[in-house]
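# Understanding the architecture of this molecule
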Amino acid sequence: MTRIRAAITGIQGWVPPYILTNKELESMVDTSDEWIMSRTGIKERHILKGEGLGTSDMGAEAVKALCEKTGTRPEEIGLLICATVTPDMVFPATANIICDKAGIKNAFSYDLNAACSGLIYALVTASKFIETGSIKKAIVVGADKMSSIVDYTNRETCVLFGDGAGAILLEPTEDEVGIMDSIMQSDGSGRVHLHMKAGGSLKPSSYETIDAGEHFVYQEGQPVFKFAVTKMADAAAEIMARNNLKSEDVAYLVPHQANLRIIDATARRMGVGTDRVMINIERYGNTTGGTIPLCLWEWENKLKKGDNVILAAFGGGFTWGSVWVKWAY
Ligand code: UT7
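Read on for a plain summary of the structure. Not measured: the values here are computed from a predicted model. (Residues numbered from 1 in each chain as written. Predicted model: local features only at pLDDT ≥ 70, side-chain atom pairs only at ≥ 80, totals over all residues. Heavy atoms only, no water.)

Next up on the list: the site of the ligand. Neighbouring the ligand are 21 residues; Thr31, Arg39, Gln222, Asn259 and Asn286 lie closest to it. In this structure, an oxygen atom belonging to the ligand sits 3.0 Å away from a side-chain N or O atom of histidine 256. Within the side chain of arginine 261, one N or O atom sits 3.0 Å away from an oxygen atom of the ligand. Contact with the protein chains removes 75% of the 960 Å² of surface that the ligand exposes when unbound. Of the residues forming the shell around the ligand, the biggest block, four residues, is contributed by helix 8 (residues 221-242). Tallied by class, the residues present in the shell around the ligand amount to eight nonpolar, eight polar and five charged. Counting only domains with at least three residues in the shell around the ligand, you end up with domain 1 (5-178) and domain 2 (180-326). (Near = heavy atom within 4 Å. Polar contact = N/O pair within 3.5 Å; in protein donor to acceptor, adjacent residues only side chain to side chain. Areas by Shrake-Rupley, 256 points an atom, 1.4 Å probe, with all protein chains shown as cover. Helix = DSSP H or I, 4+ residues; strand = E, 2+ residues; numbered from the N terminus. Nonpolar A, V, L, I, M, F, W, Y, C, P; charged D, E, K, R; others polar. Domains from an automatic or database assignment.)

Below, the structure written as structure tokens:
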């Protein structure tokens, strides 16, 4: 029996027009372009401005453009998963709202929270519905309005994040392309280093939590950095080893964009030169769920059918993982 795989058949990104530069950040907190560039590789990031706009608005823009460019009618979509840590609301799921805004009427949809590894988790989850034949067309969205949970008086975090969204179309194929293998892991003990203190069931929102600034990203940079460097590189190296992929077999590494130094370390471990690493952190910063699809979108024209692409991510949870994709078009 022929094996059905889930092929990526379209990709689309969307970022809001407003650009927050390092220069503007210099006027907001005690930082410098030199510090931000040398420690993170980030020059600017896009920010969603305007009342009444949330993560779903960015996700819906990406989904609408994806459907248009791939000639997909919204009613053909059977599943939409949105990877996000900044949902429009606690409930309903942002995925439900994206479907409504994008005219998707026949899908079941839900959010998936694996922080910066969310896109990878969602991609693999959606691929299983395609592989079993229960869904013919699925969309995976990675979208975050990080500016809604960033404290712009805290220089340790406010320079890192940006807003953006990407959407990936998955369809079944009998060819030797698509999602070939994946590794996904998590370790909840890492939550002490990266989390949001209040607003969940453990510590509901109150005047006190707002006064204490507990509705923002809390990150201890150094321990997160150490884990990220090790785990992201481990996962990428392991997926290559167990599939007998040599560094010369890899067309592109697509790493989560949290810090240029973490990206470089992962590429070195895989033996992949920087010309084969998708890097756009300089212009977008860390958009959490958005980083990997924004890279694929920008490199789409360079990708060829059969290219081996390795996705790798690390994020809050901790969560991490890697996916081997054979490009399908
Ligand atoms: O995507 C989710 C996963 N997250 C990550 O992967 C992030 C991992 N962590 C990192 O990328 C890095 O740890 C950071 C970029 C967050 C920080 O870089 P670092 O090299 O680890 O710096 P540090 O936290 O050790 O801080 C070094 C110094 C400190 O000053 P002192 O104590 O040495 O005087 C900080 O206060 O840099 C200071 N600092 C800044 N200075 C200027 C911290 N942030 C800034 C800033 N501008 N924005």
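Next, the rest of the story.
Here we take up the sheet that holds strand 13 (residues 319-326). Ordered by their spatial adjacency, four strands build an open sheet running 8-13-12-11, and the pairing between neighbours is mixed. Two strands close off the open sheet at either side, each with one partner strand: strand 8 (178-186) and strand 11 (250-255). With strand direction ignored, the average angle separating the axes of adjacent strands in the sheet is 10°. Relative to strand 13, strand 12 (residues 308-315) runs antiparallel, the two being bridged by eight bridges. In the sheet register, leucine 311 faces strand 13, and the bridge partner there is valine 323. This element, helix 5 (residues 118-131), spans strand 8, strand 12 and strand 13 of the sheet and lies at about 130° to strand 8. Running at roughly 150° to strand 12, helix 8 makes contact with strand 8, strand 11, strand 12 and strand 13 of the sheet. (Pairing = 2+ DSSP bridges. Axes fitted to C-alpha atoms, helices over the stretch in contact; angles between N-to-C directions. Contact = heavy atoms within 4.5 Å.)

Turning our attention to the layout of surface pockets. Estimated volume of the second largest pocket: approximately 150 Å³. If you trace the second largest pocket, you find it lined by Asp151, Asn154, Glu156, Thr157, Lys197, Gly213, Glu214, Phe216, Val217, Tyr218 and Gln219. Contributions of two or more residues to the lining of the second largest pocket are made by helix 6 (155-158) and strand 10 (217-219). No other element matches the three residues that strand 10 contributes to the lining of the second largest pocket. Across the lining of the second largest pocket, the residue classes break down as three nonpolar, four polar and four charged. (1 Å grid on protein atoms, 1.4 Å probe; cavity = no way out; pocket = protein on both sides within 12 Å on 5 of 7 lines; lining within 4 Å. Points joined across faces, edges and corners; volume = space filled by probe spheres on them.)

We now examine the pattern of salt bridges. Per the counting criterion, the structure on display carries 17 salt bridges. Notably, a salt bridge pairs aspartate 181 with arginine 242, separated by 2.8 Å at the nearest N-O pair. Residue aspartate 181 is located in strand 8, and its partner arginine 242 is located in helix 8; the two are separated by 61 residues in the primary sequence. Here arginine 242 falls in the partly exposed class, since its relative accessible area comes to 44%. Glutamate 238 is paired through a salt bridge with arginine 242; the nearest N and O atoms lie 3.8 Å apart. Remark: arginine 242 and glutamate 238 occur in helix 8; sequence separation between them is four residues, near one turn of the helix. Its relative accessible area of 38% is what places glutamate 238 among the partly exposed residues. Each member of the salt-bridge network shares a partner with another, and the members are Glu76, Lys137 and Glu171. (Salt bridge = Lys/Arg side-chain N within 4 Å of Asp/Glu carboxyl O. Buried < 20%, exposed > 50% of the residue type's maximum accessible area, 1.4 Å probe, protein only.)

Another aspect to go through is helix 5. Taking 1.5 Å of rise per residue, the 14 residues of helix 5 would be expected to cover 20 Å, and the 20 Å separating its terminal C-alpha atoms lies within 8% of that figure. Those residues of helix 5 not exposed but buried are Gly118, Leu119, Ile120, Tyr121, Ala122, Leu123, Val124, Ala126, Ser127, Ile130 and Glu131. Downstream of helix 5 by a residue or two, glycine 133 has a phi angle that is positive, lying close to 85°. (Expected span 1.5 Å × (residues − 1).)

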